[in-house]
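Examination of the molecular architecture
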Amino acid sequence: MNNFKDYILVFNQKSPFINPITSDTLMGGFLYYLSLYDKSAFVSFYQDFYNGNPSFITSSLFPFSYIPINVNFLSSFFSVDEKNDFGKKIKKINFVKKFFFEAEDKKNYLRLLAEKSSFDYFNLVKREMVNIKNKEENEGKVLPYTFKGYFFKNKKAYFFIRIFKLEKKELIVSLFKEIFLYGLGKRSSINFNYFEFEKEEEIEIGRQGDYFINLSLCQFQNNEKDFIEPLFFDIEEKNPRLGPVYGKNKPFKNSFFAIKEGSVFKPKVQKPFYGQVNTTLYPKSQDFYPLQILYCLPYYFSL
């Protein structure tokens, strides 16, 4: 699994998003759309994910050039007295750029960042809608309502992708271009979550080599076989749903908890990915076996 290449896919945002587009949404969305276009290719990718031998792993979607970071990890660089001075500003830092991980004096870097930055990663927008679906229940009235959505800073976003099976790269990248163009995730049917592909760039995710501090670029669930030591992390309860074609009778999977992006951990063994696929969130049938892809794409760095 060490024969891989890393890339970023960059997109220009054409409409707002409602909820963050997380790694499990990206990888699950890839499988969903592939199942509609090419059943044999879908089965191949599905089996690879299920068997712990994925063709690729993505991060979540982030503001362009930013990397998520755990606020408690950032606070650990400061004393109690220093936190009294910088605590409120530090708590507003949700993302950093790669220069933070390359800085020798991370404490001073954060101090300057806290003093100069506005921490505006997203811009809130409101969209007025009308509800015609439940018109009969509302005595024939069309009721207005408001959706809140967000644009990334500069309306530009990106995600990391590690591709293990390079012979499948063209299919993987081309399908993600299509998915983002036609809408991904919640409320895409009412013109949310549309992005236009800008570029693909080969990179190296973090510093490879003898670095054993990792930052998660994904929302993931720990696999006991990974033997990782959590250092700074947050968790989030998720209530995922199936794609509309498959989720007509029971649209939602069972809720679960995931470790959030930006969490910092120390593995005993350096690996190209961690985490697991969760197959316990939905009733199984003979020909339908939903899964939740909760792998972790690590960003290596040193303190």
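All figures in this text were calculated on a predicted structure; none of them were measured in a lab.

1. Describing the environment of F257
Structurally, F257 is set in strand β13 (residues 256-259). Distance from F257 to E237, taken between C-alpha atoms, is 4.4 Å for residues 20 residues apart in sequence. Among all residues touching F257, those that are not within four sequence positions of it are Q221, I235, E236 and E237.

2. Thoughts on a nonpolar patch on the surface
There is a patch of nonpolar side chains on the surface, built from F122, L124 and Y150 and spanning about 260 Å² of accessible area. Position of F122 among the secondary structure elements: in strand β6 (residues 122-131). Assessed through its relative accessible area of 33%, F122 is described here as partly exposed.

3. Observations concerning the nonpolar core
Core analysis: the largest hydrophobic core is formed by 71 residues, its most contacted members being F56 and F176. Each residue touching F56, except ones within four places of it in the same chain, is listed here: M27, F30, F45, F49, I161, R162, I163, F164, I172 and F176. Counting residues in each nonpolar core, the second largest holds six residues, with I228, I259, F265 and C296 among its members.

4. Considering the pairing of strand β17 (residues 298-301)
The side-chain alternation of β17 yields two buried faces, one formed by P298 and Y300 and the other by Y299 and F301. Relative to β17, strand β10 (residues 213-216) runs antiparallel, the two sharing four bridges. Directly across from I213, in β17, lies its bridge partner F301.

5. What to know about the environment of F77
Positionally, F77 belongs in the loop between α3 (71-75) and α4 (80-90). Residue classification places F77 among the partly exposed positions, given a relative accessible area of 22%. With 34 residues separating them in the primary sequence, F77 and R111 have C-alpha atoms 9.9 Å apart. F77 has contacts with E82, F100, K106, K107, L110 and L303, leaving out every residue within four places of it along the chain.

6. Comments concerning the packing of aromatic side chains
Two aromatic rings are characterised by how far apart their centres lie and by the angle between their planes. Applying the stated criterion to the full structure yields 42 aromatic pairs. With 5.7 Å between their ring centres and 50° between their planes, F42 and Y46 make a pair best called tilted. On the criterion of helical spacing, the pair formed by F42 and Y46 is a turn pair, its members being four residues apart in helix α2 (residues 39-50). Here F42 and Y46 have matching classes, each one buried. Between F73 and F100, the ring centres sit 6.4 Å apart and the planes meet at 85°, which makes this aromatic pair edge-to-face. Pair noted here: F73 is in helix α3 and F100 is in helix α5 (residues 99-102), with a separation of 27 residues, a long-range link. The exposure class assigned to F73 is buried, which follows from its relative accessible area of 3%. Accessibility expressed as a relative area gives 0% for F100, which makes it buried. Over the ring of F100 we find K106; its NZ or CZ atom is 5.9 Å from the centre of that ring. One residue, K156, lies across the ring of F64, its end atom 5.3 Å from the ring centre.

7. What about unusual backbone geometry?
We note that S65 has phi near 75°; this positive angle belongs to a residue other than glycine. Within the secondary structure, S65 is located in the loop between β3 (62-63) and β4 (67-68). Judged by relative accessible area, which is 27%, S65 ranks as partly exposed. Not every positive phi belongs to a glycine, and K155 is a case in point at roughly 55°. Tracing the backbone through its elements, the reader meets K155 in the loop between β7 (143-152) and β8 (156-163).

The rules behind the values
Residues numbered from 1 in each chain as written. Predicted model: local features only at pLDDT ≥ 70, side-chain atom pairs only at ≥ 80, totals over all residues. Heavy atoms only, no water. Helix = DSSP H or I, 4+ residues; strand = E, 2+ residues; numbered from the N terminus. Contact = heavy atoms within 4.5 Å. Patch = residues over 30% accessible without salt bridge, like charges linked within 9 Å, V, L, I, M, F, W, Y side chains within 5 Å. Areas by Shrake-Rupley, 256 points an atom, 1.4 Å probe, with all protein chains shown as cover. Salt bridge = Lys/Arg side-chain N within 4 Å of Asp/Glu carboxyl O. Buried < 20%, exposed > 50% of the residue type's maximum accessible area, 1.4 Å probe, protein only. Core = buried A, V, L, I, M, F, W, Y, C linked by side-chain atoms within 4.5 Å. Pairing = 2+ DSSP bridges. Phe/Tyr/Trp six-rings, centres within 6.5 Å; stacked < 30°, edge-to-face > 60°. Lys NZ or Arg CZ within 6 Å of the ring centre and 35° of its normal.

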